[in-house]
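# Observations on the three-dimensional arrangement
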Amino acid sequence: MAKVTYLKGKEPHPREMRLIFRNIDRKGWDPSIKKYLADGGYKDLKKAFKMKPEEITDEVKKSGLRGRGGAGFPTGVKWGFIPPNNQKPVYLICNGDESEPGTFKDRYIVHQDPHQLLEGMVISCFAVGARVAYIYLREEFPEAAWIVEEAIAEAKKAGFLGKNILGTKFDCEFHVHRGAGAYICGEETGLIESLEGKRPYPRIKPPYFPAAMGLYMCPTIVNNVETLCHVKHIIGMGGENYARIGTPRNTGTRILCVSGDVQRPGYYEIEVGKMTMGELLNDVCGGPLEGRKFKAVIPGGSSAKVLRCTDKFNVASLPETEAREIDFVEIPLDFDTLAACGSMAGSGGVIVMDDSRKMSWVLNNINEFYAHESCGQCTPCREGSTWMKKITDRLVAGKATPADLETLKSIAYQIDGRTICAFGEACAWPVESMVDKFRDELLAETSEQNEEAPHNPEQAAQQRYLSSV
Amino acid sequence: MSNSILDEQIASHQTAGSKHFTPFEITKGIEKEADRRIQHFPPDRKRSAVLPLLHIVQAEFGFISPEAIEWVAQKLEIEPIKVEEVVTFYPGLRQHAPGKFHIRVCRTLSCAMGGSYELMDKICALAGIDRTEASHQNPIAVSPCGTWSVEFAECLASCGTAPVCLVNNDFHEGISAERAAGLLAHYE
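Residues numbered from 1 in each chain as written. Chains lettered and ligands numbered in written order. Predicted model: local features only at pLDDT ≥ 70, side-chain atom pairs only at ≥ 80, totals over all residues.

## Points about the packing of helix H3 (residues 50-61) of chain B against helix H4 (residues 66-76) of chain B
Residues and elements named next belong to chain B. Quick note on the threshold: Between the N-to-C directions of two axes lies an angle of 0 to 180 degrees, each axis being a line fitted to C-alpha atoms and, for a helix, fitted only over the stretch in contact. For helices the rule is a DSSP run of H or I covering at least 4 residues; for strands it is a run of E covering at least 2, with both sets numbered from the N terminus onward. Should the near helix be turned anticlockwise from the far one by less than a right angle, the crossing is left-handed, and should it be turned clockwise, the crossing is right-handed. Our contact criterion uses C-beta atoms placed from the backbone: two residues qualify when those atoms are within 7 Å. By the convention adopted, Pro, Cys, Tyr, Trp, Phe, Met, Ile, Leu, Val and Ala count as nonpolar, Lys, Arg, Asp and Glu as charged, and the other residues, Gly among them, as polar.
Two elements in contact, H3 and H4, have axes whose closest approach is 10 Å; the angle formed by their N-to-C orientations is 145 degrees. Seen from above, H3 lies across H4 with right-handed handedness. Residues Val50, Leu53, Leu54, Val57 and Phe61 of H3 form the contact with H4, whose participating residues are Ala68, Val72, Lys75 and Leu76. Within the contact of H3 with H4, the residues separate by chemical class into eight nonpolar, no polar and one charged.

## Points about the nonpolar core
The nonpolar side chains of a soluble globular protein tend to be buried with one another. Quick reminder of the rule: Working definition: the nonpolar core is a set of buried Ala, Val, Leu, Ile, Met, Phe, Trp, Tyr and Cys residues, joined through C-beta atoms within 7 Å. Here a residue counts as buried when 20 or more other C-beta atoms fall within 10 Å of its C-beta, as exposed when 12 or fewer do, and as partly exposed in between; the C-beta atoms come from the backbone.
Among the nonpolar cores identified, the biggest contains 194 residues, and Ile93, Met121, Val122, Ala133 and Val148 of chain A together with Leu54 and Val72 of chain B are the most heavily contacted of them. Among the elements that make up this core, the one with the highest residue count is helix H6 (residues 114-128) of chain A (nine residues). Not counting residues up to four positions away in its chain, the partners in contact with leucine 54 of chain B are Ile64, Val72, Val86, Val87 and Leu93 of chain B.

## Observations regarding the interface of chain B and chain A
Listed per partner, the contact involves 34 residues of chain B and 40 residues of chain A. Looking at the side of chain B that touches chain A, the elements that each hand over two or more residues are H3, helix H5 (80-89) and helix H6 (109-113) of chain B.

## Things to note about the domain arrangement of chain B
Counted only if it meets this: Marked domain ranges trace back to an automatic or database domain assignment.
Along its sequence, chain B is organised into domain 1 (2-89) and domain 2 (101-187). Across the contact, five residues belong to domain 1 of chain B and six residues belong to domain 2 of chain B.

## With respect to the sheet that holds strand E7 (residues 253-260) of chain A
All names here are of chain A. The criterion, for reference: Note on pairing: two strands pair once DSSP finds at least 2 bridges between them.
On the basis of which strands lie adjacent, the open sheet formed by five strands has the order E8-E7-E13-E9-E10 and mixed pairing. Of all the strands in the sheet, just strand E8 (266-271) and strand E10 (307-308) have a single pairing partner and so form its edges. With four bridges joining them, strand E9 (residues 294-298) and strand E13 (residues 349-354) adopt antiparallel strand pairing. Bridging from a neighbouring strand, phenylalanine 294 pairs with aspartate 354 of E13.

## Concerning the domain arrangement of chain A
All names here are of chain A. As assigned here, chain A comprises domain 1 (33-244), domain 2 (251-288 + 302-350) and domain 3 (359-451). When each unit is reduced to the centre of its C-alpha atoms, the spacing between domain 1 and domain 3 is 35 Å. Each partner contributes to the interface: domain 1 provides ten residues, whereas domain 3 provides eight residues. Grouping the amino acids of the side of domain 1 that touches domain 3 by side-chain chemistry returns seven nonpolar, two polar and one charged.

## Quick notes on helix H18 (residues 457-468) of chain A
Note that an α-helix has 3.6 residues per turn; residues three or four places apart therefore point the same way. Cut-off, in case you're wondering: For a helix, the expected span equals 1.5 Å multiplied by the residue count minus one.
If you check H18 of chain A, its first and last C-alpha atoms are 16 Å apart, about what twelve residues at 1.5 Å a residue would give, namely 16 Å. Little of H18 of chain A is tucked away: zero of the twelve residues are buried.

## Structural notes on unusual backbone geometry
Of note, the amide linkage connecting lysine 205 of chain A to proline 206 of chain A takes the cis form, showing an omega dihedral of -10 degrees. Among the secondary structure elements, proline 206 of chain A is positioned in the loop between helix H8 (188-195) and strand E4 (220-224). Put simply, alanine 162 of chain B and proline 163 of chain B share a cis peptide bond, and its omega is -10 degrees. With respect to the secondary-structure elements, proline 163 of chain B resides in the loop between strand E3 (148-153) and strand E4 (165-167). One non-glycine residue, tyrosine 42 of chain A, lies in positive phi territory at about 65 degrees. Secondary-structure assignment places tyrosine 42 of chain A in the loop between helix H1 (33-38) and helix H2 (43-49). Using a count of 22 C-beta atoms within 10 Å as the deciding quantity, one classes tyrosine 42 of chain A as buried. The phi dihedral of asparagine 164 of chain A falls on the positive side, at around 50 degrees, and the residue is not glycine. Among the secondary structure elements, asparagine 164 of chain A is positioned in the loop between helix H7 (142-157) and strand E3 (173-178).

As structure tokens, this is what we get:
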């Protein structure tokens with residue numbers, strides 16, 4: 001294969017390992033099938049068609065691939081949940097809703113390298129027996145919808161999609177489906193409801209596991225864009241070889257999206273677990289801005305619990321790890337360690353805040369997002385997310401009381417675990433972690449005197465009246 | 001009459017931007033495109049095409065009018081209320097005309113840290129937009145001349161190049177407040 005060179009100023013960092021992002025910002029590259037074929041594209045598909053569908057699923061299981069959308073669930077295991085002896089049609093859905101704040105990896109794949117995604121999807125469809133697949137793209141990627149539709153037409157013309165693919169008698173159709181700006185459509189059952197033409201209210205699991213009861217109550221596999229791209233590479237190199245990349249149980253590469261207060265924000269594809277937080281932020285991203293210090297990091301999209309940069313983390317719960325404490329900069333970037341540190345690797349969106357940021361403002365911004373995006377199906381989430389936003393509104397306006405922090409946490413705990421989908425946790429975790437870890441800072445912005453102050457004009461009028469009689 | 005209830009719920013009101021859009025009228029081209037989209041789904045699952053059809057309408061006429069809802073319902077053989085519940089749910093679907101150029105500024109964390117609120121203020125000042133009229137129910141503010149409209153969007157998924165915005169279908173990254181004038185000049 002030709003040597004890959006990149007656009008000036010967009011060269012990958014030497015510590016990166018570009019597998020999925022190999023063609024992103026590549027010199028002389030465009031999303032056409034011509035470029036993709038000239039680069040050896042669709043070879044892995046031909047290889048996959050020589051295998052049995054179960055063998056492909058086995059390779060994916062062997063690879064240890066974990067979903068890149070947020071939950072980190074093993075992809076091969078997910079595929080295996082399709083009921084045996086199933087008689088209904090099977091659907092594959094590519095989740096390109098990419099809506100977790102801090103995450104911006106799928107954007108580049110769908111805009112610059114759509115054929116990689118399509119190849120991964122045809123292989124996945126063949127493995128799970130899906131004859132129709134939908135690519136659910138967020139509405140805010142209008143350009144991507146045209147690019148992917150064009151790519152589908154090209155792939156059909158070249159015989160990689162449509163009827164009797166490459167003479168194998170396997171038929172498969174892809175359709176692009178655009179969302180309309182709702183975060184909840186990134187949740188797989190919400191996405192399915194949206195695709196059925198309804199309000200995207202998530203379904204309760206159990207019983208509605210998509211692999212058994214998904215789109216039109218048929219078995220449905222929902223995978224993230226990046227995850228489906230990995231499938232192509234797993235077939236290309238073999239599951240066992242793929243599993244050698246990264247670390248045990250945290251295999252392969254993953255794309256980390258760094259934003260916020262660092263010298264060089266951007267996307268970096270690394271071997272999972274082979275880089276620490278300190279290496280990522282200081283070496284790869286160039287450290288904090290001039291004269292600043294890192295204060296807090298949200299490691300996996302805005303719903304992940306915030307980490308304080310001065311903390312020590314006990315990772316004793318990890319298997320094969322001796323009880324020990326590690327510094328923030330020593331945290332390896334994998335699924336399990338971040339979970340042991342009390343947060344999550346989530347969707348790979350790393351948001352960095354330095355000492356110029358007020359955490360009350362940060363939390364209020366996050367709360368506004370979740371209050372806006374709650375679908376409204378479950379009462380704790382619909383009401384609670386708005387209450388939390390109202391309290392942090394007061395906090396940033398200097399009108400909060402010390403007791404408000406307790407109220408905030410109590411609301412968060414009453415949402416957490418009491419909703420149909422994981423949105424409940426997504427909106428509760430930032431509040432729980434911010435209040436726990438930055439309590440002193442937030443407390444300093446409150447005042448006991450505010451307890452006496454009326455919260456609205458009606459109360460103020462009432463208080464004036466009562467003091468006058 | 002079911003229509004009158006629907007009309008009350010979803011009546012589109014005139015905005016300064018209305019003059020830039022043609023009234024709702026189904027052409028052969030739209031009909032054909034709608035039929036093509038409906039065929040992406042099983043014949044007994046036509047309802048799935050509600051978002052694709054609404055996108056066609058919004059792209060063509062700028063927003064989704066009560067007549068458009070009736071048409072989509074008819075096409076998909078469902079009750080208009082089932083279209084309406086979708087229209088009123090999604091932030092990406094509009095019930096009133098935006099400006100000729102609709103600017104969606106990302107307000108979520110990374111963009112806010114990068115100065116998207118300042119960008120929004122600057123755009124409003126330059127375009128003469130009063131954003132105090134915007135609300136949760138009606139998040140779009142249109143300039144008096146009808147050329148511009150603004151709206152805060154939640155995460156546009158380009159946090160590494162904050163602040164970012166969408167102008168109609170064009171994506172712009174790294175738009176600090178200082179670059180707002182250049183952005184508007186590009187479209188004017």
